[in-house]
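# Residue-level structural notes
Below are the chains, spelled out letter by letter.
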Amino acid sequence: MTVFGYRLPAMSSLLVWGLLWEIIGRLGLTFFIPPLSEVIGTLFEIIGTPAFLKALSETSYAFFSGVTISIVVGIPVGILMGKSRLLDELLLPWVNIFLSAPLTALVPVLMVLFGFGMTSIIITTTLFAIWIIILNARAGVMQINRSLVEMGRSFGASPLDAFFKIYLWAALPEILGGVRIGIIRAVKGVIIGQLLISIVGFGALFELYSSNFLMSHFWAVLIVLFALAFSISELLAYLERRVAYYAAKR
Amino acid sequence: MKGIIVAMPQTEATMKKQTSAAPDSAVSVRNVSKNYGTVEALKNLSLEFPRGQLTSLLGPSGCGKTTLLKIIAGLLQPTSGRIEVNGAEVEGPGPDRAFVFQDFALLPWASVIRNVAFGLELRGVAKSERESIAERYIRDVGLTGFEHSYPHELSGGMRQRVGLARALSVDAQVLLLDEPFSAVDEQTRRKFQEDLLSLVKHENKTFIFVTHSIEEAVYVSDQIAILLPRPSRVSEIIRPTGFRHKDVDSIRRDPEYLDIVDQIWASLRSYVE
Ligand SMILES: Nc1ncnc2c1ncn2[C@@H]1O[C@H](COP(=O)(O)OP(=O)(O)O)[C@@H](O)[C@H]1O
Ligand SMILES: [Mg+2]
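Report on the accompanying structure.

What counts and what doesn't
- Residues numbered from 1 in each chain as written.
- Chains lettered and ligands numbered in written order.
- Predicted model: local features only at pLDDT ≥ 70, side-chain atom pairs only at ≥ 80, totals over all residues.
- Heavy atoms only, no water.
- Pairing = 2+ DSSP bridges.
- Helix = DSSP H or I, 4+ residues; strand = E, 2+ residues; numbered from the N terminus.
- Polar contact = N/O pair within 3.5 Å; in protein donor to acceptor, adjacent residues only side chain to side chain.
- Contact = heavy atoms within 4.5 Å.
- Buried area = accessible area lost by both parts, 1.4 Å probe.
- Salt bridge = Lys/Arg side-chain N within 4 Å of Asp/Glu carboxyl O.
- Nonpolar A, V, L, I, M, F, W, Y, C, P; charged D, E, K, R; others polar.

All names here are of chain B. Sheet analysis places strand β2 (residues 25-36) next to strand β5 (residues 80-85), joined by five bridges and oriented antiparallel. Its bridge partner being in β5, Arg30 is matched across the sheet by Arg82. Pairing geometry for β5 and strand β6 (residues 88-89), over two bridges, is antiparallel. Considered in β6, the bridge of Glu84 is made with Glu89. Connecting β5 to the next strand, β6, in antiparallel fashion are two residues, including Asn86 with a positive phi near 50 degrees.

This part is about the side chain of Glu58(A). Residue and element names in this part refer to chain A. Looking at the secondary structure, you find Glu58 in helix α3 (residues 50-83). Within polar-contact distance, the side chain of Glu58 engages the backbone nitrogen of Gly201 at 2.6 Å. Ignoring any residue separated from it by four or fewer positions in sequence, one finds Glu58 in contact with Met118, Val200 and Gly201.

What follows is about the sheet that holds β5(B). Residue and element names in this part refer to chain B. Spatial ordering of the open sheet is given by β3-β2-β5-β6, a layout of four strands whose pairing is antiparallel. With one partner strand each, in any of the chains shown, β3 (39-50) and β6 form the two edges of the open sheet. Relative to β3, β2 is paired through eight bridges, and the arrangement is antiparallel. Looking at the pairing, Val29 lines up with Leu47 of β3.

The next thing to look at is the interface of chain B and chain A. Each side of the interface is counted separately: chain B has 26 residues, and chain A has 21 residues. When the two sides are added together, the surface that chain B and chain A hide from each other amounts to roughly 2,000 Å², 65% of it contributed by carbon and sulfur. The three residues of chain B that bury the most area against chain A are Trp109(B), Leu122(B) and His152(B), which together make up 33% of that side's buried surface. We note a salt bridge from Glu121(B) to Lys165(A), for which the minimum N-O separation is 3.1 Å. For the pair chain B and chain A, the number of links is four residue pairs in polar contact (both at pLDDT 80 or more). Here the side of chain B that touches chain A is composed, by residue class, of 15 nonpolar, four polar and seven charged.

In short, geometric facts, not functional conclusions.
Here's what the structure looks like:
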């Protein structure tokens, strides 16, 4: 975008919104919105505190466990579904149901089954992420050029070789697309899980801040989470573009 | 002209005559039928492929050429009948046959050298060994200097050279080529045809070559099997012998070449509306 002939750097519109926030905060219309400068001050204050670091490490642990399970289980299941009619018929309805299901409503059930702790949060994260990863891996395998499959067969590829040397790579752009959306959903999953279970990680922090009306703390943590989620998604989009470069040429 | 063109309606008698005339077949197709659901793609087709020669399967599109080639490759199961390679029945793909695909079937994420060596990689040949073999065939097909390029950086003709080098490097006795030059421009195609002739001469392999171009078939083949539309069978077998020893440049002006092209056109014409 250009204004009065000057090229503005990307996302400079954020400055305008930040300014608006600051003004509304200064006006003191509601205790719910402290000025942005105060929030940012608080952000630097709490970012090194043990409570924050503990929340961050617990959240990362739940997040990475959930994402790892989703990827390690989801990709092979998706590829197998794309390759086997039987498995596909068996699993596809469930995958579709869970993909569109209101998973938040399941969290209380998970708490009953797995207790009020880390396990439930990891499972929630996994449930948010895994279905789209499965579906995309499946779609990726189904669009593989038929002659590439026949090439593997005619040169005597073992099933394992065909999987690791052909299918996985040929489906990689779709798989990574699924992983990217899956990870973004996992961010939601891990936060929602924590908020509902609310005794670990940022859930506990949010609970603490909001029940004590520490609004600038609340917003500071929220900004950190938004920034983290956004960076993760941008990083993945960047990786995906690199892979798509080859994908477009296939 | 007599004796060059052998009319061969498929009967038991001519089958016997043919097998006794060409005893050394690398590949035999015996009474093969193939149905896709209710579609009869091939019906009771028999054909011998002499060792060390190039046989073309020529016919209008949709007549079952690809189907027959894939059955020989072991990629498709015939509905009935059998295929023999060196006297052993074909039950699936095997190291004695290598396939060159119409759309190249290269790995887009792999360099030229890895693509050429991929057949050997799947057979568990060590990396240094398979790459030195691949380098030799990359040179043979004229792609030296492109070892580390990727398929999307190459022209269609160069990609097909990669496909050809991959098939050559596994050193199979039978090469199956499914319209390998159809996605390639005319000049490149002519160069390919000349290269193919010298390959047949020097490689001592049996080539089975699918094409729908009459000129191409007559130019490169030792034997041409003309397939007629569904359910497909061999209507004629033609052996252009007179100009095989000639210089590649003068073949297209050879009277026998022109006669055979005309003759094939005359027999195919009625199937083209
Ligand atoms: N997988 C398939 N399912 C149904 N019909 C097919 C299939 N493959 C080929 N056919 C049919 O079989 C016939 C022969 O096909 P093909 O062998 O590809 O012919 P060609 O290679 O000579 O053009 C065509 O009529 C085609 O429509
Ligand atoms: Mg075909």
